[in-house]
Structure formats: structure tokens, C-alpha cells
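Structure at a glance
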Protein chains: 2
Amino acid sequence: MNIVLLSGGSGKRLWPLSNDVRSKQFIKLFRLSDGSYESMVQRVYRQIRETDPDASVTIATAKSQVSAIRNQLGEHVSVCIEPVRRDTFPAIALASAFLHDRLHVGGEEPVVVCPVDPYVDDAYFEKLKELSDYAAKGGACLTLMGIEPTYPSEKYGYIIPETKDEVSMVREFREKPDLETAENYIKRGGLWNAGVFAFKLSYLLEKAHSLIDFRDYEDLFAKYAALTKISFDYAVAEKEKSIRVLRYAGEWKDVGTWNTMSEVMTERAKGNAIFDDACENVNVVNELDMPILVCGAKNMVIAASGDGILVADKHQSAYMKPYVEKISEPVHFAEKSWGSYTVIDAGCGYLNVKVDLRPGNRMTYHSHEYRREVWTVLSGTGTAVVDGVKTQIGPGDVVKMPAGAKHTVIAESEMIILECQIGENISVKDKTKYPYEGVVDPGIAKADRE
Amino acid sequence: MNIVLLSGGSGKRLWPLSNDVRSKQFIKLFRLSDGSYESMVQRVYRQIRETDPDASVTIATAKSQVSAIRNQLGEHVSVCIEPVRRDTFPAIALASAFLHDRLHVGGEEPVVVCPVDPYVDDAYFEKLKELSDYAAKGGACLTLMGIEPTYPSEKYGYIIPETKDEVSMVREFREKPDLETAENYIKRGGLWNAGVFAFKLSYLLEKAHSLIDFRDYEDLFAKYAALTKISFDYAVAEKEKSIRVLRYAGEWKDVGTWNTMSEVMTERAKGNAIFDDACENVNVVNELDMPILVCGAKNMVIAASGDGILVADKHQSAYMKPYVEKISEPVHFAEKSWGSYTVIDAGCGYLNVKVDLRPGNRMTYHSHEYRREVWTVLSGTGTAVVDGVKTQIGPGDVVKMPAGAKHTVIAESEMIILECQIGENISVKDKTKYPYEGVVDPGIAKADRE
């Protein structure tokens, strides 16, 4: 099975754990039997591997998510990078060209597209295989999965099938309805549109070429920023006459809000939390290293990260997006290809950041125009490079970088470094990158240690 | 009026803003018209000064509170320091000896004792003057203030007067009752015992000498640690036959829990907080530099500091003490005579502390046996002293202190320093202090700055 996972990026609905650089699908909230945690993307990827060990999985995503994907899924998954965000039709067109030109998938081969973040059981992935088989067989240009509604939801688009059979042709698509209309759709056998569909690769490539003027993957990639934002449903599905739908009645949850997320959490707290006996139906996710004490709260979710603290009635948490949008705090945590950084303190004229560097990794070789920086090594050993001069560093060592100095650090063992940024107008934008290759190496000097 | 303010130290009921080194009376929660905030002790001290500009105010307190008192009230208030905590009778005996031997208050002069943290209006302080006048007049050995109950509380001890007159002799004292008994006390004219009383200094000194073998203030101070813990009520008031009580019916609140504290807060949030439209009766006190978003919460108090986060139903917050006692986190914030320190991050083998030093101040000259430290100056200028060597430092400068090195810093302008502590078993107990006088001064060297 060829499967394309669409990895979107909304940072608002699971704030403060998700943010502009850390999408909800990378938050590790699902506890495994060994006590460790996996993220949505790890859960879905594991389930696909368990259902179909031979599946060829491609993740279509923004450049900003690549580090997180590599950190969480390793090097074996293929990643189709969208240079900028242009909605689902351009993303699927790019992924199709990627499959064809880079992975050499044949035009007659079926491809299944699905979101990266449904909370489902293995039956869902069995159904994906069925979709793939139907697409291979032909008989319709598109084969969709329709979720059997469990209530007249106003949150989803509906697929109205011709018949109530297990497999049916699609009569029409309907936008998110009001309650009464939703009830009516369900009476007519309507199904939720979960954004899951399969097609032969040639079908999608033809659609792409008919709507976008491009030669091949490289060319489409180069032109990507100029493409119009348009959804796959609007560009393709709603205009296509030959669409089949397969009903799916197994577990399916869209864990896009804290309310739905807390339903699938297997424990009431992750992180340091204390509850009094009067608490009822409360979930806590605490990424801070300080305790959260909860007394007499009912039907609430509490989430804390370096970005902020959410205290919400579970039902009300589904409506928090406009309030989160008012928050203009800089991002406090980011996953990087080499590890992570966490802002631990900010003040007028300075910013203190904790840098965690994985063994064998290094950050980009870079400089800042408007700030000086001081590194104090808190643990681990490695090599600092400042303006081409290498120095071995370990706990207690200090590296000073004046404004303009090119610098990086290469970790030998896992390193934790406290970075003090000092200057006016400290900004993530004040950064110039340089190639690391060609850095003069006058040998490793020993740092001035006590 | 001679007034002794008893400054106790419970760190649990207003957690996480109060802790073992920061008592509730020093938390700045009361907003003034100019937008600044004052603490309970500042409020009470200001009210006393407004009611009686000539009042001689002495604060009886533990050594650990002296820095906070000096920071908040300045140098003019007199402070009677209890070397260790020994309950109210020893504290009042020590304060009486202090008044007599240090402040030269005469034996015939009246003294009023009251807690440092009642939330009251000015009428309360007028009543204190009345108490003082009655004590001066004689006619009873002790003159108490009895608070007119507003409901049959189970939280307070009761004073049962002989009559329901404005001024009456006391028939008896009663411990905290159950509801039914409280109703009965109120029918009999019972009053709440708020721990406020007046006496002639000679009376208390005689009581002290009859119960404790000591010569004078110095001697009592020296013997203080050996004294038995006993309350004033138990040691003196309940045994005394000649006690008068004055009724007080003005505003009086014991803001000892978040529930009562939130009743007197004049705004729903202090610090960075956002509320959705569905919130009702919610108070937030946020000392962190990250936002708190509250959605759909009702009747709750949310408080956050470097020590932790509290999310509590207001009513339930009164019962949180046993849960707070389970939290064994080290203290993250402490007020010092020279400024403050805040733990901003902790990990295995290191602790990162932000030090805020007021102009003209310096920390103790000290060393650590088991950890090295690195200072990075984030703002301000001053002089670092390491093993007797002075160095001028400013933003971006670094000072390294190996284990064992004696060190301090003297602030010229307000300084903010990031202190990285590195070592195994980092503890506040690993500290040796040295006299600063006699430190060799080979002149001020200029730090190696970029």
C-alpha cells in the first residue's frame, strides 16, 4: 500500500502544548505499556506498520516539521516537503509527483491519502487497505472513506451516498451543516467526510497537470510558492462524478481539541500533578518542572508548557482558538534536528535559553548581528567553534560569542547548555547562517577549566 | 501608642505564593490607586501610620523575615527578632523585654499586640487606640478586642463576655467550636478572639519573669531556643481573672486562605491572564512571565509562581494544606536583604538561578564546597570579588567560581545576574560565610569584555 499522510499545522487548539513551530501531532500524550509516550504521528505510523509491514509511507508536510518527523519517526519514512503552505490540493499534487518521480511509483498503482492525526484502532488501517484495493480495481476515479456518524455533528462535512450499502457511489458532498440538517443527512445515510481517499496515481497526476502548469516534481516544487491555495475537496472531489465511498464504523476520533484529547488519554495526569479528593473528571498535562495542585475542580483540563498555562472547562476548551490568537508571546519551546531549545527566562535586554543537543549533532553554524551570547555548559561534553576556532568544552566551561561571531557546538555526549542572549531587540530573525564545511581547524584546544 | 505586630509564618495556605521563606503577609496582592501593589504587612503598617502618626511600631518576627520587612517597610520600623520560633507567649515576652530594655518603654505604658495580617479598615486601628487607652487606665490586667461574629464560624476561638455591653469583663474563653456550639455562643453574646489585646508593659514583664527565668532582653534572647512552645492564650489569658473585652463590629477579615483572599482582591487578575466570556467568579494571580488562559471556569482561584501552580475551587482552597504538605519541591523564590533570587530551571547536576541585586547592595561573602558557579551579567554594573580579587563587571561579562572560592558581588546600578550552579548534590546548606571586611583589594581590574 502506498500511503500519503497529510501533516497539517494548526497550533491553536491544543495550546499551550502546540504552537506555531510544534504541531499537535508531535505532542507525546499517549502512554505506552512500557511507561513511555508516543505522539499522534508516532501512533499512526506504528499502526500502519503493524497492519501492513510493507506499506510505503510518505509524509507530506511543511519544512518546519521535518526535524520533528525525523526525531520521532527516524530516517526511514519518506518526507515530501512543501516549501510553503498551499492547502490540500497543491500538497497532494506535489506528493503525487514526488511518488512518481522520486519513489518511482507507477501510474496504475493505488495511493491512499489520509490525515496524520486520527485517533483510531487497527480496523481503520484494514479499511485503508480495502480503499487501496478498490482504487486498484478501478470502477471509480476516487474511493472515499465515509465515517458512520455517531451523532448529528455540526463539525464535519457529509458525504451523501447513493445507497446505504457497505460500498456505494457518492451522490453529493455537503458542507458542515447545522444540527437539523445534520439529522436529515444521517436519515439519508450520510457519512462524515474524514478526508481519507484513494486513487490511481495516474488519475491524480492528470488532474494536477490539468490544473497546474508543471513538468515534473522538481518543477512543481520550484513553482510551489506561486500556487493558489485550494482544498482537494473543492478542486477535485466536488467536481468529480465517479466517486465511490466505503463505510467505516470502527473507532474514529478527531482529537483536535483538549476536550476530545482528554477522552483518549489513558491517565488523568502526565507530568507533576496532585489532585485533592474533590476533583472529578480532570486531566492535567504538565511539561513544566513545577507541581500543579488541583483542588475541587470538575470537568476540566489543565495544560502547562513554557508557552503558557491553560485552565479550561472541557466543553469550553473547544472554543478557545480566538483567545489563543490574542496571545502574542514568542515560542518558548522548539524541536530541532539536533535536539531542542527552551526559553526559560526573558527580561529587558536579555533572554535565557536552555539548549539540549543530542550526541553527534551540531546546530547550524551562525552569527547574530545585534546580540552577544554566553554559553555555560551544564552537562555533557563537545566542541565549540567560534570564528573557526575549536575548543573542547565540558561542565562549567564558558564560551563567549561577541555580536557578529560565527559559532556552533558539536555534542560528543548529550549536552545541556545555558545560553544567555544579551542585547537590545533580541529576535529569532537576527541570525545569519554559514556553511560549516571549510571552517578552519587549528586543532582542538583545551578550554580554561577550573 | 506602642504596638507590637506579631508576624507569623505559615507557608501553606496561600501556596504557591507563600512558602517556607516567604510568608503570606509579604505577598503584594493589594492594588493601590497608582497601580502599584502592597502586601498585608505594608497595608497594616500604612493604616497604623495614617491612624496614629506617632505610633511606635515593633514587629516581632523570625530572623528569616527580617530582609522582607526591611525591603517592604524600610529602616524606621523596629524589629524584635525571635532567634527560633517558640509560639506567641515567648514571642510576646521577648517583645516586651525588647520594648523595655531597648526602646525604654516604661512599665506603666500600655502596649497593644495584634497580628500583622488582618484585612481591616481604619476603624480597627481607632479601636486599637481605645484598647491602648483602656489598658493605660487600668481596671483590668488585659484588654481584649472581640470581633462581633457575622456568622457562627467554626474557625475561631470565642470570648464569652459577662454582658453584651460595648465594654465588658470576660466570663470565659472557648476553643474553636462546632456549628451548633458556635450558634449557642453567639446567643450568649460571644465574640471572635482575633488575638488582639493590650496591657501595661509591667504586667506582661511580671508574667514573663514568673514563668521564665531570665534577667533582661539580652538574657532572654540568649535563652530563647531553650524555651517551651506555648501560646499566649494558654499561658496567660485563660488563667487571668481580670480581663476586659471591647466589641468591634467593623470590617475584619482573616485573609488566610485563597478563598478569603480573593474576596478582598479588587481586580480579577494580577499578572498575565486572559479570560473567555464563559468565566464566572475567577481570580488569577500569576507571577510567571507566561500567560494563563482561563476558559469556562467558575468560582475558582488560579495562582502561579516559580514554586508551582494552584488551580482550585474557591471553597475547596481552604482545605488544601495537607496536599501542599506533600509537595517537597525546593523553594524557587526568596527575598533577600540585598534583593531576590529566583530558581528558573533545575536539572540533574545543575541549577539556574536569577539573582536581582539592588543598587549599593552586596550578597554575603561566601563559598560552596561541592559546586562551582558561573555568573553571567545580564544587566547592570558592579564589582565581583573572587578570593579577594575585585573585577568590574557589566552586561555580557562572566565570572567563574570554582568550588571553594570565596565570592560576592557589589551592585553599582541594579544588577541582574544569571547564576549557573554546577555539581552533584546542590544544596542551600552548602554555604560557608566569611567576613567581607579585610578582603584584600588589589584595585579594580577591568573584566575581559567583548
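Quick look at the structure, then. (Residues numbered from 1 in each chain as written. Chains lettered and ligands numbered in written order. Predicted model: local features only at pLDDT ≥ 70, side-chain atom pairs only at ≥ 80, totals over all residues. Heavy atoms only, no water.)

Observations concerning the overall build of chain A
Summing up its helical and strand segments, chain A has 10 helices and 31 strands in all. The C-alpha atoms of chain A give 25 Å as radius of gyration, which agrees with the globular expectation for 450 residues (22 Å, within 12%). Its C-alpha atoms put chain A at 80 × 65 × 40 Å along the principal axes. Burial status across chain A gives 56% buried among its 450 residues. (Helix = DSSP H or I, 4+ residues; strand = E, 2+ residues; numbered from the N terminus. Rg over C-alpha atoms; globule rule 2.2 N^0.38 Å. Buried < 20%, exposed > 50% of the residue type's maximum accessible area, 1.4 Å probe, protein only.)

Examining a negative patch on the surface
There is a patch of like negative charges on the surface, built from Glu154(A), Asp178(A), Glu180(A) and Glu183(A). The topology assignment puts Glu180(A) in helix 5 (residues 179–187). (Patch = residues over 30% accessible without salt bridge, like charges linked within 9 Å, V, L, I, M, F, W, Y side chains within 5 Å. Areas by Shrake-Rupley, 256 points an atom, 1.4 Å probe, with all protein chains shown as cover. Salt bridge = Lys/Arg side-chain N within 4 Å of Asp/Glu carboxyl O. Lys, Arg positive; Asp, Glu negative; His and termini not counted. Charge placed at Lys NZ, Arg CZ, Asp CG, Glu CD.)

A short note on the sheet that holds strand 17 (residues 292–295) of chain A
The strand order across the open sheet built from 6 strands is 15(A)-17(A)-19(B)-18(B)-16(B)-14(B), with neighbouring strands paired in mixed fashion. Pairing within the sheet leaves two strands with one partner each, and these edge strands are strand 15 (273–275) of chain A together with strand 14 (269–270) of chain B. Note: strand 14 of chain B against strand 16 (residues 280–286) of chain B, 2 bridges, orientation parallel. Residue pairing across strands places Lys270(B) opposite Val285(B), the latter belonging to strand 16 of chain B. (Pairing = 2+ DSSP bridges.)

Examining the pairing of strand 16 of chain B
Residue and element names in this part refer to chain B. Where burial is concerned, most of strand 16 is hidden: 5 out of the 7 residues are buried. As judged from the 6 bridges shared by strand 16 and strand 18 (residues 298–305), these two strands associate in the parallel manner. Bridge pairing links Val285 to Ala303 in strand 18.

Here we look at unusual backbone geometry
Negative phi values dominate among residues other than glycine, just as trans dominates among peptide bonds. All names here are of chain A. In the segment running from Trp15 into Pro16, the intervening peptide bond is cis, with an omega of 5°. One can find Pro16 in the loop between strand 1 (2–6) and strand 2 (30–31). One non-glycine residue with positive phi stands out, namely Asn299, at about 55°. By the element assignment, Asn299 lies in strand 18 (residues 298–305). The exposure class of Asn299 is partly exposed, given its relative accessible area of 38%. Notably, Asn425 is not glycine yet its phi reads approximately 55°, a positive angle. Here Asn425 lies in the loop between strand 29 (415–422) and strand 30 (432–434). On the basis of relative accessibility, which here comes to 68%, the residue Asn425 falls in the exposed class.

Remarks on the packing of aromatic side chains
Aromatic ring pairs are described here by two measures, namely the spacing of the ring centres and the angle between the planes. For the structure on display, the rule yields 28 aromatic pairs over all chains. On the numbers, 5.1 Å between centres and 80° between planes, the contact of Tyr124(A) with Phe125(A) is edge-to-face. You'll find Tyr124(A) and Phe125(A) in the same group, each marked buried. On the numbers, 4.2 Å between centres and 5° between planes, the contact of Phe197(B) with Phe232(B) is stacked. Within this pair, whereas Phe197(B) is found in strand 11 (residues 191–200), its partner Phe232(B) is found in helix 8 (residues 232–235), the two being separated by 35 residues in sequence. Phe232(B) carries the same exposure label as Phe197(B), and that label is buried. An aromatic cluster is present here, built from Tyr151(A), Tyr156(A), Trp192(A) and Trp252(A) joined pairwise through their rings. The positively charged end of Arg268(B) is found above the aromatic ring belonging to Phe275(B), 3.9 Å away from the centroid. For Lys270(B), the ring lying beneath its charged end belongs to Tyr37(B), and the centroid distance is 4.2 Å. (Phe/Tyr/Trp six-rings, centres within 6.5 Å; stacked < 30°, edge-to-face > 60°. Lys NZ or Arg CZ within 6 Å of the ring centre and 35° of its normal.)

Overview of empty space enclosed by the protein
Residues and elements named next belong to chain B. Under the counting rule described, the total for this entry stands at 1 cavity of 30 Å³ or more. In terms of lining residues, the largest cavity is bounded by Leu144, Asn193, Val196, Phe197, Phe232, Asp233 and Ala237. At the level of elements, strand 11 and helix 8 are the ones that each hand at least two residues to the lining of the largest cavity. In terms of residue count, strand 11 provides more of the lining of the largest cavity than any other element does, 3 residues in total. Tallied by class, the residues present in the lining of the largest cavity amount to 5 nonpolar, 1 polar and 1 charged. (1 Å grid on protein atoms, 1.4 Å probe; cavity = no way out; pocket = protein on both sides within 12 Å on 5 of 7 lines; lining within 4 Å. Points joined across faces, edges and corners; volume = space filled by probe spheres on them. Nonpolar A, V, L, I, M, F, W, Y, C, P; charged D, E, K, R; others polar.)

Remarks on the relation of the copies chain A and chain B
With an RMSD of 0.1 Å, the fit of chain A onto chain B corresponds to turning through 180° and sliding 0.1 Å along the axis. Taken together, the turn and the small shift mark the pair as related by a two-fold rotation axis. Minimal C-alpha separation from the rotation axis in chain A is found for Ile344(A), amounting to 3.2 Å. (Least-squares fit on C-alpha atoms with pLDDT ≥ 70 in both.)

Structural notes on the environment of Met40(B)
Residues and elements named next belong to chain B. When you line up the elements, Met40 lands in helix 1 (residues 40–51). As a C-alpha pair, Met40 and Pro90 span 50 residues in sequence and 24 Å in three-dimensional space. If we skip the residues at most four places from it in the chain, Met40 touches Leu14, Lys24, Gln25, Ile27, Phe30, Val116, Asp117, Val255 and Met261. (Contact = heavy atoms within 4.5 Å.)

Considering the pattern of salt bridges
In total, this model carries 38 salt bridges over all chains according to the counting rule given. The shortest N-O distance in the salt bridge between Arg31(A) and Glu267(A) comes to 3.2 Å. In this pair, Arg31(A) is assigned in strand 2 and Glu267(A) in the loop between helix 9 (258–264) and strand 14 (269–270), connecting sequence segments 236 residues apart. Judged by relative accessible area, which is 41%, Arg31(A) ranks as partly exposed. Judged by relative accessible area, which is 22%, Glu267(A) ranks as partly exposed. Across the pair Lys129(B) and Glu126(B) runs a salt bridge, and its minimum N-O distance is 3.7 Å.

Observations regarding the packing of helix 1 of chain B against helix 4 (residues 122–137) of chain B
Relative placement of two packed helices is described by the angle separating their axes and the distance separating the axes. Residue and element names in this part refer to chain B. Look at helix 1 against helix 4: their axes get within 9 Å of each other, and the N-to-C directions meet at 60°. By the angle class used here, helix 1 and helix 4 are oblique. Our pair here, helix 1 against helix 4, has a crossing hand that is right-handed. Where helix 1 approaches helix 4, its residues Val44, Gln47, Ile48, Glu50 and Thr51 are matched on the opposing element by Asp122, Phe125, Glu126 and Lys129. (Axes fitted to C-alpha atoms, helices over the stretch in contact; angles between N-to-C directions. Parallel < 35°, antiparallel > 145°, perpendicular 65-115°, else oblique. Left-handed = near helix turned anticlockwise from the far one by under 90°.)

Comments concerning the environment of Gln47(A)
Residues and elements named next belong to chain A. With respect to the helices and strands, Gln47 occurs in helix 1 (residues 40–51). According to the relative accessible area criterion, Gln47 is buried, its value standing at 4%. Taking the C-alpha atoms as reference, Gln47 lies 8.0 Å from Asp121; in sequence the two are 74 residues apart. Beyond its immediate stretch of four places on either side in the chain, Gln47 contacts Val120, Asp121, Asp122 and Phe125.

Some details on the pairing of strand 26 (residues 389–393) of chain B
Examined bridge by bridge, strand 25 (residues 382–386) of chain B and strand 26 of chain B share 5 bridges and lie antiparallel to one another. Note on strand 26 of chain B: the bridge partner recorded for Gly382(B) is Ile393(B).

With respect to the sheet that holds strand 20 (residues 333–336) of chain A
Sheet strands pair by backbone hydrogen bonding; their relative direction is either parallel or antiparallel. Residues and elements named next belong to chain A. Judged by pairing direction, the sheet is antiparallel, and its 6 strands sit side by side in the order 20-21-22-29-24-27 without closing on themselves. A strand with exactly one partner marks an edge of an open sheet, and here the two such strands are strand 20 and strand 27 (398–401). Geometrically, the sheet is characterised by an average inter-axis angle of 20° between neighbouring strands, direction not taken into account. As judged from the 8 bridges shared by strand 22 (residues 350–357) and strand 29, these two strands associate in the antiparallel manner. Bridge pairing links Tyr350 to Ile422 in strand 29.

Here we look at the interface of chain A and chain B
The interface is formed by 58 residues belonging to chain A together with 58 residues belonging to chain B. Taken together, the connections running from chain A to chain B amount to 2 salt bridges. Between Asp345(A) and Lys354(B) there is a salt bridge, with the nearest N and O atoms lying 3.1 Å from each other. Along the contact surface separating chain A from chain B lie 18 residue pairs in polar contact (both at pLDDT 80 or more). Counting residues per element, the side of chain A that touches chain B draws most heavily on strand 19 (residues 308–313) of chain A, at 6 residues. Class assignment of the residues belonging to the side of chain A that touches chain B gives a composition of 36 nonpolar, 9 polar and 13 charged. With 4 bridges connecting them, strand 19 of chain A and strand 17 (residues 292–295) of chain B associate as parallel partners. Across the sheet, residue Val311(A) finds its bridge partner in strand 17 of chain B, namely Val294(B). (Polar contact = N/O pair within 3.5 Å; in protein donor to acceptor, adjacent residues only side chain to side chain.)

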